[in-house]
Protein chains: 2
Amino acid sequence: MMENSGTRYRSGISPLVVVVLSPDTKEETVSWLLRRMREKQQDGGAELLVNQLRSEGVVEEKENPNIFLVTASWQRLLSGAEDLGLFREFSDGSMRSFTCINSHNFKEFHGDGDGFLSMAECQYIIKHELETLRAKDETHVPGYTQAKLYPGKSIIRRLQSKRILIRMFPLHDQEELKRLSFKWYKKVKTSLQPLDDIRHYFGEGLALYFGFLEYFTMALMPLALIGLLYCQFDWENYDKYVFFAAFNLIWCTVILELWKRCSASLAYHWGTLSRKKVFEEPRPGFHGILGFNPVTGREEPLYPSTKRQLRVYLVSLPFVLLCLYLSLYVMMIYFQMEGWVLMLHDRGPTFWTNILLFIPGVIYAVVIEVLNVLYRYAAEFLTEWENHRLESSYQNHLVLKVLVFNFLNCFASLFYIAFIMQDLVLLRQNLATLLITSQIINQFMEAVLPYWLQRRCNKMTMERPLSEQVRLETDMSCYQGTFDDYLELFLLFGYVSLFSSVYPLAAVFVVLNNITEIYSDAFKMCNLFKRPFSDPAANIGIWQLAFEAMSVIAIVTNCTLIGMSPQVRAYFPNSEMHLMLWTVAVEHGLLAFKFFLAFLVPDVPKHIQIKLARLEFESMEALKKKKMFAVPRLRRVAYEEE
Amino acid sequence: MMENSGTRYRSGISPLVVVVLSPDTKEETVSWLLRRMREKQQDGGAELLVNQLRSEGVVEEKENPNIFLVTASWQRLLSGAEDLGLFREFSDGSMRSFTCINSHNFKEFHGDGDGFLSMAECQYIIKHELETLRAKDETHVPGYTQAKLYPGKSIIRRLQSKRILIRMFPLHDQEELKRLSFKWYKKVKTSLQPLDDIRHYFGEGLALYFGFLEYFTMALMPLALIGLLYCQFDWENYDKYVFFAAFNLIWCTVILELWKRCSASLAYHWGTLSRKKVFEEPRPGFHGILGFNPVTGREEPLYPSTKRQLRVYLVSLPFVLLCLYLSLYVMMIYFQMEGWVLMLHDRGPTFWTNILLFIPGVIYAVVIEVLNVLYRYAAEFLTEWENHRLESSYQNHLVLKVLVFNFLNCFASLFYIAFIMQDLVLLRQNLATLLITSQIINQFMEAVLPYWLQRRCNKMTMERPLSEQVRLETDMSCYQGTFDDYLELFLLFGYVSLFSSVYPLAAVFVVLNNITEIYSDAFKMCNLFKRPFSDPAANIGIWQLAFEAMSVIAIVTNCTLIGMSPQVRAYFPNSEMHLMLWTVAVEHGLLAFKFFLAFLVPDVPKHIQIKLARLEFESMEALKKKKMFAVPRLRRVAYEEE
């Protein structure tokens, strides 16, 4: 499982991270920043190696001179790895947090440790060191009196929020990228993705996304197979979907439970499962009144959480509810328009009324897209305004807002057709239209467009001098994180799990879509974007919850669809009441069973639980044998700080 | 909050724990055991002080000579406290795990630490030291060749499983007990229970039980008040229960969420919230084939978990289902009997048929009790046979089995009456009968009987010589843990939350019951039982889950009751279908809201979260400053062990 594939990044002085300052940054600011970055750690610096990018060949007038290349010595990187609590494979096969003193007992540590860390890890370490470079006695950034500083404030964050530092990104490694892209998507293959290599190059967060994408595709295979059989053998009359709905029900619960275990397995082998989270720095945009942080005891801006909660509950929540109402209102208008057009067509069908039949659907689709885009901006603005201290909290609030709206916007019409109009034929048509349309748009945006873009801007993996390469990458667009990719998967999962029983081919389309998605996403990551910093994720985070919620809703819809089916109705010829009672009872039973199952199946596979317990046991034995341990030291430090 | 009340246990050499060996234990066994208990720790002993109990005055023939009093020096107890990771209040007001080196920075540590630990803590430490006294190279207990030992096996556990060691219990402290019982129940008072003192004397597990009992009683007050108003103003026609059901709904969700925070608060101040669990010893009854434990690496009996799971799923589960079926079958017979008797009475009502009307109910109640007792034995036998390695896992499986059966046995008839027969008048009668009957039995068993028993066996708090006191306590019965007490509360919670909307007085009865329960339980603990070993619980464990499950069921039943009410029906005069759809929709909304609420409300109050985060932050800062830390040491030890 471990990354014996892919070469390690060697020689500690080639550039790792690019820091781009605004072209009009003052001289004194630049020299102060460079000094602070280069200073020794005991003097409060970051002890990094920083060089200005010198253009070889002709220098164009408009070029930004303030581009800096950052790297560090191997010793510095290793001690940074220890600070971050990086987990690596130990000589006994377990995963342990790296320490310099014990470095030679780690499996892949040879000689002076050159090559022990991957390039992505080095870049992550440098990012961390830069972000935790703190102001000492400066009251403001030299040259910018309005850019206030106070002891302990992250310098980089202040520079970012004042737009002096424009961007900071890790460099691509042409050679490894070539190797990775060949393994990943350059040949059509039946084997799985090289997840370890992806993680090695892009970090755990992205590797987990691709892992999930692949897992999801695999999990869809049985559904797609059944869907194909349905088509093949002409089982397509809508009466026969009970079996499919029942299968759906179980399927969506089981695959999510299994994914948790899969993800824990991956995260354990990548060393992120039991790794402790580093204390997060406040977001660049976070503002407040200077006070003492109750956790760190440091002076920093504080923003009362009651104030934030007031903003969330009194402004954001009503706004979201209003948007949801608006979305439902638009849907009702669509249904009215459709009814009106249908009436017109029925009265006197001509060629023009035939065309008119499509108009409401098209308008509705366009309005949905427009609403989605508008809402996304509003959600970002609102969440920014809520002034969250941590990036993670900002992300959670944003995801929740966007998810709820997207869910309603995409599925409300399907729910309406299925359960209020109870028109399964229309449901099927609508589902097919929505799914296929969205896939065509996606394929175009994610496969055709990138391919065309890349053609235009030359081959990225071409050999060129460093300075040119750096400037090229500086101009590439930023990868905005896995948010949109997960959102797309979430909606696809919704189409399949909620309603695919009435349209079994849905799973087939989603599988096809996912396969091209893997290739196009891989292509995008390797060719179109700046390399993203790796992100030591242990799981897919809030998305697991979102998918679980969807699977609960899927149980409800599938049970209702089963209850509505003619076969089941045939068992209760005289009493609608009894049919409903039975449906509700079965649904409650299934929901209870689902929660019981989630409670019963351990989230971490047994063999990994044992390994984790073993580590804990050993540390407790160590505690017993050496009494003078962690805690007295902790005390002493606590005193030093008070 | 902290235990400044109640005196500390002083002077380290008064007896703490009593160890009773079988009267016919061989001489060589006794002397070997005493030697191992007294041996120094570096020689693998427990380093405790052990004395045989010498009777003062006349020695009766039948008296057991093998009673030993165990205690330890203060230094030994303090180092034991460090081994156990006991949390105490530090000089800066935070809770930290105790270490000898840093002892003087703990708030209540004075001089040489005499009086720092409470007697209950000392007893817990001694219990732990005795249980982790391990065999070295002995192959069997001297004198008993059939009592096999192997290196690392807990000696005490083997002696227990071979019935050589009959019992081991902590001694009461007459003086403190007198003070506690006076504060607790000897005066009728309006103030709350002295939870800190209870925790100080009996440990965290029991204190949490009494805390929960008190909290539950308080939480019932509003319900009881509304119930009284209902009675007073003759709102008692069954139509008006909608408001009550809606209130019930919210009430049961909110109080459980709040209790979690209360319990976390208590546990934080008692130092059990962030305390790490000590590795549990296998249960005395656990057996298996000698192998290497994958966690500890020690040789010990192993029992494959697949085999255990086969036993659970192929034997226990079907057995439980069979019992449930039997219970339902008995219920159906009861309803048939009742119907038959009613018919008889309606045909020709005489005095005799009038009496006959009560007979089915009485028979059913008796059969329920008999079934409960039989099932309890069966569940214990089955869970023992499942051969769980840890006591905690044994307890969880036992609780789950007993809970499910008790729930069905007690509530099935109510569910049947409410939702199948839809007879709210009968439901009300049945609920009242069940509740009042069970309370009368409980009050008798828990208040009258104990009082009478105590009268008989003299005053427990009388002054008497040590030896007599020890023998008296040896003969007292053992407290069987909080299981039955929690089970009773669980069933009461069920009566109130599920159906009290149709019988609002239920809450009043439960409040009255709980108040006497507090007094009778307190009396029991102080006068009737051996002192139990304290149990460092951080929460009420699996019972929290059980109560949450009950509150989910309560949402379902209350929504259904509301849907069945005449007022609500009046809104849907023509369509039963619509009424049902609305009921189901509202119920799903409420369930979703409940889960969302549980997700939103943090389980630990903010100010405690901050304190915990602060501790973690400090330990990470310490890590940063002193690099040569825990992990290299851990490594070294790991090597020593391999």
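You'll find chain A entered in an unreviewed UniProt entry as Anoctamin, with Hippocampus comes given as the organism. UniProt lists a comment for chain A under the heading Subcellular location (unreviewed entry), and it reads "Membrane". Its UniProt record gives chain A a comment under Sequence similarities (unreviewed entry), which states: "Belongs to the anoctamin family."

K.L.:
How would you summarise empty space enclosed by the protein if you had to cite specific residues and measurements?
P.N.:
All names here are of chain A. Scanning the entire structure with this criterion turns up seven cavities of 30 Å³ or more. If you go around the largest cavity, you meet 20 residues; those closest to its centre are Leu 86, Glu 121, Arg 199, Glu 204 and Ser 534. Elements supplying a minimum of two residues to the lining of the largest cavity: strand S4 (87–89), helix H3 (119–131) and helix H6 (195–202). Per-element accounting of the lining of the largest cavity gives the leading share, three residues, to H3. For the lining of the largest cavity, the residue count by class is six nonpolar, six polar and eight charged.

K.L.:
If you had to explain the pattern of salt bridges to someone new, which residues and values would you point to?
P.N.:
Evaluated as defined, the whole model comprises 54 salt bridges over all chains. A salt bridge links Lys 260 of chain A to Asp 603 of chain A; its shortest N-O distance comes to 3.4 Å. Taken together, the residues Lys 260 of chain A in helix H8 (residues 242–269) and Asp 603 of chain A in the loop between helix H19 (576–600) and helix H20 (606–625) connect sequence positions 343 residues apart. By relative accessible area, which is 17% here, Lys 260 of chain A ends up buried. For Glu 108 of chain B, the salt bridge identified is with Arg 88 of chain B, shortest N-O distance 3.6 Å. Here Glu 108 of chain B, found in the loop between strand S5 (95–97) and helix H3 (119–131), pairs with Arg 88 of chain B, found in strand S4 (residues 87–89); they are 20 residues apart in sequence, far enough to count as distant. With relative accessibility at 21%, the residue Glu 108 of chain B sits in the partly exposed group. Connected through salt bridges with shared partners, the residues Arg 35, Arg 36, Glu 39, Lys 136 and Glu 138 of chain A form a single ionic network.

K.L.:
I'd like a description of the nonpolar core, backed by residues and values.
P.N.:
Nonpolar side chains in soluble globular proteins generally cluster together in the buried interior. In this structure, Trp 251 and Trp 543 of chain B are the most contacted members of the largest nonpolar core, which totals 99 residues. Tallying contributions element by element places helix H7 (residues 204–232) of chain B first for this core, with 15 residues. Listed in part, the 98 residues of the second largest apolar core include Leu 195, Leu 213, Leu 220 and Ile 368 of chain A.

K.L.:
So what about the packing of aromatic side chains? Which residues, and what values?
P.N.:
Residues and elements named next belong to chain B. Under the defined criterion, the tally for this structure stands at 75 aromatic pairs over all chains. With centroids separated by 5.3 Å and ring planes inclined at 45 degrees, the aromatic side chains of Tyr 215 and Trp 259 adopt a geometry described as tilted. A residue pair is termed long-range when its members are at least 10 positions apart, and Tyr 215 in helix H7 and Trp 259 in helix H8 (residues 242–269) qualify at 44 residues. Across the pair, exposure class does not vary: Tyr 215 and Trp 259 are buried alike. Measuring from centroid to centroid gives 6.0 Å for Trp 251 and Phe 493, while their planes differ by 35 degrees, and the two rings are tilted. Of this pair, Trp 251 sits in helix H8 while Phe 493 sits in helix H15 (residues 483–499), placing them 242 residues apart in sequence.

K.L.:
Please set out the pairing of strand S10 (residues 299–302) of chain A residue by residue, giving values where relevant.
P.N.:
Residue and element names in this part refer to chain A. In terms of strand pairing, strand S9 (residues 289–292) meets S10 through four bridges, oriented antiparallel. Bridged to Gly 291 within S10 is Glu 300. A loop of six residues connects S9 with S10, the two strands running antiparallel in sequence, and Gly 297 in this loop sits at a positive phi of about 75 degrees.

K.L.:
With reference to specific residues and values, describe the sheet that holds strand S8 (residues 165–170) of chain A.
P.N.:
Across a sheet, strands are paired by hydrogen bonds formed along the backbone, either parallel or antiparallel in direction. Residue and element names in this part refer to chain A. Pairing within the open sheet is antiparallel, and its four strands lie in the order S2-S3-S1-S8. Each edge of the open sheet is held by one strand with a lone partner, namely strand S2 (49–52) and S8. Averaged over neighbouring strand pairs, the angle between their axes works out to 20 degrees when direction is ignored. Bridge count for strand S1 (residues 17–21) against S8 is five bridges, and the pairing is antiparallel.

K.L.:
Outline H7 of chain B, listing residues and values.
P.N.:
Residues and elements named next belong to chain B. For H7, spanning 29 residues, the distance from its first C-alpha to its last is 41 Å, which sits close to the expected 42 Å at 1.5 Å a residue. Largest kink in H7: about 35 degrees, centred on Met 221, with the proline Pro 222 one to four residues after it. Within H7, 21 of the 29 residues are buried, leaving the element largely enclosed by the surrounding structure.

K.L.:
Account for unusual backbone geometry, with residues named and values stated.
P.N.:
The phi dihedral of Asn 387 of chain B is positive, around 60 degrees, even though this residue is not glycine. Inspection of the secondary structure assignment puts Asn 387 of chain B in the loop between helix H11 (359–385) and helix H12 (391–421).

K.L.:
Describe the packing of helix H9 (residues 305–347) of chain B against H12 of chain B, with residues and values.
P.N.:
Helix packing for two helices is described by the angle between their axes and how far apart those axes are. All names here are of chain B. Relative to each other, H9 and H12 sit at 30 degrees, their axes nearing to 10 Å. Considering the angle they form, H9 stands roughly parallel to H12. H12 is crossed by H9, and the crossing has right-handed handedness. The residues of H12 that touch H9, namely those facing Val 312, Ser 316, Val 320, Cys 323, Leu 324, Ser 327, Leu 328, Met 331, Met 332 and Phe 335, are His 397, Lys 401, Val 404, Phe 405, Leu 408, Asn 409, Ala 412, Ser 413, Tyr 416, Ile 417 and Met 421. Grouping the constituent residues of the contact of H9 with H12 by class yields 15 nonpolar, five polar and one charged.

K.L.:
Quick one: what's the story with the UniProt feature "transmembrane region" (unreviewed entry) in chain A, residue by residue and with numbers?
P.N.:
Residues and elements named next belong to chain A. Here, the residues flagged by UniProt with the feature "transmembrane region" (unreviewed entry) are residues 206–229, 241–259, 312–335, 355–377, 398–419, 489–512 and 579–601. A distance of 35 Å separates the end C-alpha atoms of residues 206–229, which is 100% helix and 0% strand. What you have in residues 312–335 is 100% helix and 0% strand, and the ends, taken at the C-alpha atoms, are 33 Å apart.

K.L.:
Would you mind going over the confidence of the model for chain A in detail, with residue names and values included?
P.N.:
All names here are of chain A. The share of residues in chain A with pLDDT of 70 or more is 90%, and the mean pLDDT across the chain is 83. Predicted confidence is poor over residues 1–12, with pLDDT under 50, and the contacts of this stretch with residues over four places away or in other chains come to 42 contacts. Segment residues 627–642: pLDDT under 50, and 44 contacts once partners within four positions in sequence are set aside and those in other chains are kept. Scoring the predicted complex yields pTM 0.85 and, for the interface, ipTM 0.80.

About the criteria used
- Residues numbered from 1 in each chain as written.
- Chains lettered and ligands numbered in written order.
- Predicted model: local features only at pLDDT ≥ 70, side-chain atom pairs only at ≥ 80, totals over all residues.
- Heavy atoms only, no water.
- UniProt positions renumbered as here; feature names shortened; annotations may be inferred.
- 1 Å grid on protein atoms, 1.4 Å probe; cavity = no way out; pocket = protein on both sides within 12 Å on 5 of 7 lines; lining within 4 Å.
- Points joined across faces, edges and corners; volume = space filled by probe spheres on them.
- Helix = DSSP H or I, 4+ residues; strand = E, 2+ residues; numbered from the N terminus.
- Nonpolar A, V, L, I, M, F, W, Y, C, P; charged D, E, K, R; others polar.
- Salt bridge = Lys/Arg side-chain N within 4 Å of Asp/Glu carboxyl O.
- Buried < 20%, exposed > 50% of the residue type's maximum accessible area, 1.4 Å probe, protein only.
- Core = buried A, V, L, I, M, F, W, Y, C linked by side-chain atoms within 4.5 Å.
- Phe/Tyr/Trp six-rings, centres within 6.5 Å; stacked < 30°, edge-to-face > 60°.
- Pairing = 2+ DSSP bridges.
- Axes fitted to C-alpha atoms, helices over the stretch in contact; angles between N-to-C directions.
- Expected span 1.5 Å × (residues − 1).
- Bend = angle between axes of the 7 residues up to and from the residue.
- Parallel < 35°, antiparallel > 145°, perpendicular 65-115°, else oblique.
- Left-handed = near helix turned anticlockwise from the far one by under 90°.
- Contact = heavy atoms within 4.5 Å.
- pLDDT = per-residue confidence, 0-100.

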